[in-house]
Amino acid sequence: MLRAPVSFTRSAETTEADYAVTLTLPAEYLACGTGNVRADDAEGGARTWTFEAEGVRDFALSFGRRWREGRDTSESGVTLRVLTNVRGAEKRALVAAGDALRLCEAWLGAFPLDELTVAQSDYAVCPRSFPGVLWISEADIRDDAALKSAIRFFVAQQYIGYAAWTEPVTDAWLSDAPCTYLALLMEEALEGHDAFLKALNAVVLDPLNITVPGGLTVTSDARDMSREEYELITIGRGTVVMHEMASAMGSDAFIAAMRLFYEAGLEKDVLEEADLVRAFDAATGGDWEAYLTEWLFNVDDYLAQRVEWYE
């Protein structure tokens, strides 16, 4: 069943399917999309693009005439593509994608796809991702910090959210909060603890300094929120919850739990909150359900309403 779109998180709720899509374009066009991509010469100077994907719930493609293409191969053999008309951005994006891929493969296991594409979009008001492809606005491509942040989150979401599937609306937090925090841990690994704290505070300070309206919580259905509420509560407060869990058990144990959570998702149809708790318990030998529940629903009880700096 396909529900009404929710623009600020993943909106499709469908069963797995295989796709084989062809698209013939003039030779000056480039294309990207979900799955493995191949371009073959066609009559009249055109090219036929073929997209093949197996077992995905989300499929999308786009094409453009103004892109320039950058290509690389990750250390593990994943094909990396960047499509942009911003001079020099393809090199920055390829480095960021390679770094994120290397860390996620060390933490979570082999990347679940053969190809990964970052594409500039004239229509994306915020980064939008599907299996294997990320669309990002020209403004964010020009902003190196925004570009790196989007790529890191997107690479993590290919594991927890796509390959290991979470309900994208009713349980959106199960992907968006862990992946936001994994992106911050990538920042720490690549740029140091001070950079991590600065990025963490950029995500959580505003959410910590509001009183949540209308009884909304981190776990609320995304359709019950505006985009601003979702960013403040699910992303901001959800990142606080992940940080408190990681601080309590240690970042290595947190990463181990994320790997177990991802691996559980490869064995079942839909990941649920109980799977996250089991992953935390298995990674530490502890019992984390009550601790997680307290933070999910009672952040205001533990933090003052005027927070200047959060660690």
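Predicted model, so just to flag it, every value in this text is computed and none were measured.

### Some points on the packing of aromatic side chains
Now for step 1: Under the criterion given, the structure shown has ten aromatic pairs.
Now for step 2: Consider the rings of Tyr-181 and Phe-254, whose centres lie 5.3 Å apart with planes at 80 degrees: the pair is edge-to-face. In this pair, Tyr-181 sits in helix 4 (residues 173-191) while Phe-254 sits in helix 7 (residues 251-267), placing the two residues 73 residues apart along the sequence.
Now for step 3: On the basis of relative accessible area, Phe-254 is assigned to the buried category, the value being 0%.

### Structural notes on the state of the cysteines
Now for step 1: Tallied over the entire structure, the rule returns zero disulfides.
Now for step 2: With no disulfide of its own, Cys-179 lies closest to Cys-104 among cysteine sulfurs, the gap being 8.1 Å.

### Some words on the pairing of strand 3 (residues 36-41)
Now for step 1: As judged from the six bridges shared by strand 3 and strand 4 (residues 46-56), these two strands associate in the antiparallel manner. Bridge pairing in strand 4 links Asn-36 to Glu-52.

### A word on the sheet that holds strand 3
Now for step 1: With antiparallel pairing, three strands are arranged side by side in an open sheet as 1-4-3. Both outer strands of the open sheet, strand 1 (17-26) and strand 3, are each paired with one neighbouring strand and no more. Shown here is a sheet whose adjacent strand axes are inclined to one another by a mean of 15 degrees, direction ignored.
Now for step 2: Strand direction decides the pairing type here: strand 1 and strand 4, joined by nine bridges, are antiparallel. If you follow Pro-26 over to strand 4, its bridge partner there is Ala-46.

### Describing the nonpolar core
Now for step 1: Core analysis: the largest hydrophobic core is formed by 73 residues, its most contacted members being Leu-116, Ile-151, Val-155, Val-241, Phe-254 and Phe-280.
Now for step 2: It is helix 1 (residues 89-108) that contributes the most residues to this core, eleven residues altogether.
Now for step 3: Setting aside residues no more than four positions away along its own chain, Ile-151 makes contact with Ala-93, Ala-96, Ala-97, Ala-100, Val-118 and Leu-134.

### Digging into the pairing of strand 8 (residues 115-121)
Now for step 1: Strand 8 sits mainly inside the fold: seven of its seven residues count as buried.
Now for step 2: The alternating pattern of strand 8 places Glu-115, Thr-117, Ala-119 and Ser-121 and Leu-116, Val-118 and Gln-120 on opposite faces, both of which are buried.
Now for step 3: Strand direction decides the pairing type here: strand 7 (residues 79-84) and strand 8, joined by five bridges, are parallel. Opposite Val-82, over in strand 8, you have Val-118 as the bridge partner.
Now for step 4: Once the chain exits strand 7 it traverses helix 1 before rejoining the sheet at strand 8, and the crossover so formed is left-handed.
Now for step 5: Of the pairings in the sheet, the one linking strand 8 to strand 10 (residues 133-137) comprises five bridges and is parallel in character. Paired with Thr-117 across the strands is Val-133, a residue of strand 10.

### Overview of the packing of helix 4 against helix 6 (residues 227-249)
Each packed pair of helices is defined by two parameters, the angle between the axes and the distance between the axes.
Now for step 1: Where helix 4 contacts helix 6, the two axes come as close as 8 Å, and the packing angle between them is 60 degrees. It follows from the interaxial angle that helix 4 and helix 6 lie oblique. For helix 4 against helix 6, the interelement crossing comes out right-handed. Where helix 4 abuts helix 6, its residues Trp-173, Asp-176, Ala-177, Pro-178, Thr-180, Tyr-181 and Leu-184 lie against Tyr-230, Thr-234, Ile-235, Gly-238, Thr-239, Met-242, His-243 and Ala-246.

### Here we look at the side chain of Arg-237
Now for step 1: Within the secondary structure, Arg-237 is located in helix 6.
Now for step 2: Note on Arg-237: relative accessible area 4%, which makes it buried.
Now for step 3: If near-sequence neighbours (up to four positions away) are discounted, Arg-237 is found in contact with Pro-207, Leu-208, Ile-210, Val-212, Val-218, Leu-232, Val-299 and Asp-300.

Definitions and cut-offs
- Throughout, residues of each chain are indexed from 1 in the direction in which the sequence is written.
- Whole-chain, interface and lining totals are the exception, using all residues; otherwise, since this is a predicted model, local features are given only for residues with pLDDT of at least 70 and side-chain atom pairs are given and counted only at 80 or more.
- The side-chain values count all of the structure's non-hydrogen atoms but skip hydrogen atoms and water molecules.
- Any pair of Phe, Tyr and Trp rings, taking the six-membered ring for Trp, is counted once the centres come within 6.5 Å. Such a pair is stacked with planes under 30 degrees apart, edge-to-face with planes over 60 apart, and tilted for the rest.
- Strands are runs of DSSP state E lasting at least two residues, helices are runs of H or I lasting at least four, and both sets are numbered from the N terminus onward.
- Summary of the burial criterion: residues with accessible area below 20% of their type's maximum are buried, those above 50% are exposed, and those between are partly exposed, where the area comes from a 1.4 Å probe applied to protein chains only.
- Here, the term disulfide refers to a pair of cysteine sulfur atoms separated by no more than 2.5 Å.
- Pairing between two strands is assigned when DSSP locates at least 2 bridges connecting them.
- The angle between two axes is taken between their N-to-C directions and runs from 0 to 180 degrees, where each axis is a line fitted to C-alpha atoms and a helix contributes only its stretch in contact.
- Nonpolar cores are built from buried Ala, Val, Leu, Ile, Met, Phe, Trp, Tyr and Cys residues. Side-chain atoms within 4.5 Å join them into one set.
- When checking whether two residues touch, look at their non-hydrogen atoms; a contact exists if any pair is within 4.5 Å.
- Seen with its strands pointing away from the viewer, a crossover is right-handed if its path from the first strand over the helix to the second goes clockwise.
- The scheme is simple: roughly parallel for angles under 35 degrees, roughly antiparallel for over 145, roughly perpendicular for 65 to 115, oblique for anything else.
- By convention, the crossing between two helices is left-handed when the near helix turns anticlockwise from the far helix through less than a right angle, and right-handed when the turn is clockwise.

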